[in-house]
Amino acid sequence: MASDIHNQSHLVERSSYMKFLYSCDDIKLRDKDDERIYHDGSRKIHREKESPAPQEPVNITPISGFLLLGFSETHGQQPLLFGLFLCMYLITVLGNLLIILAVSSDSHLHTPMYFFLSNLSLVDICFTSTNIPKMLVNIQTQSTVFTYLGCIIQMYFLMLFAVLDDFILTVMALDRYVAICHPLHYTVIMNSQLCKLLVLMSWIMSTLNSLLQCLMVLDLSFCSDLEIPYFFCELKEVVQLACFDTFPNDMVMYFSAVLLGGGPLTGILYSYSEIVSSICRTPSAQGKYNAFSTCVSHLSVVFLFYGTSLGVYLGSVGTHHSQSSATTSVMYTVVTPMLNPFIYSLRNKDIKKALERFLGR
């Protein structure tokens, strides 16, 4: 009897001891889980982890096109705008085409200055033809949709001809610098081979810049908001519509603006600083007038080009209202190319005589 009691008490103690061990093991396991989870940075749980909350997916839409809101708010003025921009486009094309025909048909104008002027006129025709016809179609059909591929192509040619316009204006400033500051060596320095090489290099650099910018845009993913406050696809506005980080695109865009915009502007300012210094050293008043009169037309075009360009991009920083953005962009893309033939023909006697001979045939 005593032995049975002893055995029973022994079994109870053993059972209690085993329960104690199991509970200790369980505590150790939970402590290990707690310690592991604690070091992971999650909140402490026992044995089972809670599944993480699902992240809200980013709404990435396979886009088919953009919405150009340039003149979408002027429904009652669509016929007036269509007629106005059609007339401005025809004047631009006709005026610049007459400059090209006058220069090519008159042997007296086969000089570096007029060679560059005819190239500038060609670029202005191409620049306006890249965006104005599409804008006229949108106004006529009252549609603001522009396909993705069409937007990329338009953006490529807009950047190409805008940068090319900038380069040719810089080359024209270099031509005036050599003609006024080094007149005795002008024909030797500004020979036909150098002039053609300068234009060719301008084309190559403009093409490479446009190609790089558009290839980087093709890698972007866009969200559902695809509205552009202009009547054409502008690089900065398209990049801002991307869903993810656009830091590489922004860096390339700003670097190109500084290099391809600030560099030529610096060259133009340097050229004219030397020209002004040379004119001031000219003893006769007639000599000063003749030297300065050859630069007035080019200076007017330079101020018009850079003034409207800065107006567009500084205006886009301050406001995103489609109507105001469209108004400033018209000055840059329509008015400037239209005024260039008038600026050169009205103040240039050689161009006026060449036009009279060409139209009098």
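As the structure is a prediction and not an experimental result, all values here were calculated from the model. (Residues numbered from 1 in each chain as written. Predicted model: local features only at pLDDT ≥ 70, side-chain atom pairs only at ≥ 80, totals over all residues. Heavy atoms only, no water.)

Some details on the overall build of the chain
Thinking step 1. Assigned secondary structure in the chain consists of 11 helices and 3 strands.
Thinking step 2. Counted from the first residue to the last, the chain has its helices and strands arranged as α-β-α-α-β-α-α-α-β-α-α-α-α-α.
Thinking step 3. When the 361 residues of the chain are sorted by exposure, 42% land in the buried category.
Thinking step 4. Long-range contacts, defined as pairs at least 24 residues apart, comprise 78% of the intrachain contacts of the chain with a sequence gap of at least 6.
Thinking step 5. Looking at the chain as shown, the accessible area adds up to about 20,500 Å², and 66% of this sits on carbon and sulfur atoms. (Helix = DSSP H or I, 4+ residues; strand = E, 2+ residues; numbered from the N terminus. Buried < 20%, exposed > 50% of the residue type's maximum accessible area, 1.4 Å probe, protein only. Contact = heavy atoms within 4.5 Å. Areas by Shrake-Rupley, 256 points an atom, 1.4 Å probe, with all protein chains shown as cover.)

So, the pattern of salt bridges
Thinking step 1. Throughout the structure, instances matching the rule amount to 2 salt bridges.
Thinking step 2. Salt-bridge contacts for D106 lead to R357; the nearest nitrogen and oxygen are separated by 2.1 Å. Of the two residues, D106 is situated in the loop between α2 (78–105) and α3 (112–141) and R357 in helix α11 (residues 349–359); the sequence distance between them amounts to 251 residues.
Thinking step 3. R176 is paired through a salt bridge with D175; the nearest N and O atoms lie 2.9 Å apart.
Thinking step 4. Its relative accessible area of 0% is what places D175 among the buried residues. (Salt bridge = Lys/Arg side-chain N within 4 Å of Asp/Glu carboxyl O.)

Some details on the state of the cysteines
Thinking step 1. For the structure on display, the rule yields 1 disulfide.
Thinking step 2. There is a disulfide in this structure between C151 and C233, and the S-S distance comes to 1.9 Å. Its S-S torsion of approximately -130° makes the covalent link between C151 and C233 left-handed. Within this pair, whereas C151 is found in helix α4 (residues 148–181), its partner C233 is found in the loop between β3 (227–228) and α7 (235–240), the two being separated by 82 residues in sequence. Both residues of the pair, C151 and C233, count as buried.
Thinking step 3. Its sulfur unpaired, C214 is 9.1 Å from the next cysteine sulfur, which belongs to C151.
Thinking step 4. For C214, a relative accessible area of 6% gives the class buried. (Disulfide = S-S within 2.5 Å.)

A short note on the side chain of T92
Thinking step 1. Within the secondary structure, T92 sits in helix α2.
Thinking step 2. Since its relative accessible area comes to 1%, T92 is described here as buried.
Thinking step 3. At 2.7 Å, the side chain of T92 and the backbone oxygen of M88 are in polar contact.
Thinking step 4. Sequence-distant contacts of T92, that is, excluding residues within four places in its chain, are made with T128, V334, P337 and M338. (Polar contact = N/O pair within 3.5 Å; in protein donor to acceptor, adjacent residues only side chain to side chain.)

Let's talk about the confidence of the model for the chain
Thinking step 1. Mean pLDDT for the chain: 80, with 77% of residues reaching 70 or above.
Thinking step 2. The lowest-confidence element of the chain is helix α1 (residues 2–40), averaging 46 in pLDDT; the highest-confidence one is helix α6 (residues 192–218), averaging 96.
Thinking step 3. In the predicted structure, residues 9–14 sits below a pLDDT of 50 and forms 0 contacts with residues beyond four places in sequence or in another chain.
Thinking step 4. Low pLDDT, under 50, characterises residues 17–59; the stretch is placed with 22 contacts to residues that sit more than four places away or in other chains. (pLDDT = per-residue confidence, 0-100.)

Notes on a nonpolar patch on the surface
Thinking step 1. On the surface, L197, L200, M201, I204, M205 and L208 cluster together into a nonpolar patch covering about 540 Å² of accessible area.
Thinking step 2. Secondary-structure assignment places L200 in helix α6.
Thinking step 3. Taking relative accessible area as the criterion, L200 reaches 47% and is therefore assigned partly exposed. (Patch = residues over 30% accessible without salt bridge, like charges linked within 9 Å, V, L, I, M, F, W, Y side chains within 5 Å.)

Describing the pairing of strand β1 (residues 65–68)
Thinking step 1. Pairing of β1 with strand β2 (residues 145–147) involves 3 bridges; the strand directions are antiparallel. Bridge pairing in β2 links F66 to F146.
Thinking step 2. The pairing of β1 with β3 spans 2 bridges and is classified as parallel. Within β3, the residue paired with L68 across the bridge is I228. (Pairing = 2+ DSSP bridges.)

Structural notes on α11
Thinking step 1. For α11, the set of buried residues is I351, A354 and L355. Down the axis, α11 shows its buried residues gathered within 100° of arc, on one side only. Among the exposed residues of α11, those pointing more than 90 degrees away from its buried face are K349 and E356. (Arc of directions from axis to C-beta.)

Quick notes on the nonpolar core
Thinking step 1. Core analysis: the largest hydrophobic core is formed by 84 residues, its most contacted members being F85 and F222.
Thinking step 2. With 20 residues, α4 is the largest single contributor of residues to this core. (Core = buried A, V, L, I, M, F, W, Y, C linked by side-chain atoms within 4.5 Å.)

Quick look at the sheet that holds β3
Thinking step 1. Strand order in the open sheet formed by 3 strands is β2-β1-β3, and the pairing between neighbours is mixed. Each end of this open sheet is capped by a strand with a single partner; those strands are β2 and β3.
Thinking step 2. Together, β1 and β2 form the strand contacts of α4, whose direction differs from that of β2 by roughly 80°. (Axes fitted to C-alpha atoms, helices over the stretch in contact; angles between N-to-C directions.)

Digging into the packing of α2 against α3
Thinking step 1. In contact at an axis separation of 9 Å, α2 and α3 are set at 160° when each is read in the N-to-C sense. The pairing of α2 with α3 is recorded here as roughly antiparallel in orientation. Where α2 crosses over α3, the two elements pack in a sense that is left-handed.
Thinking step 2. A breakdown of the residues in the contact of α2 with α3 according to their chemical character gives 19 nonpolar, 8 polar and 1 charged. (Parallel < 35°, antiparallel > 145°, perpendicular 65-115°, else oblique. Left-handed = near helix turned anticlockwise from the far one by under 90°. Nonpolar A, V, L, I, M, F, W, Y, C, P; charged D, E, K, R; others polar.)

Some remarks on the environment of L310
Thinking step 1. One can find L310 in helix α9 (residues 285–318).
Thinking step 2. Here the alpha-carbon distance between L310 and Y332, two residues 22 residues apart in the chain, equals 9.1 Å.

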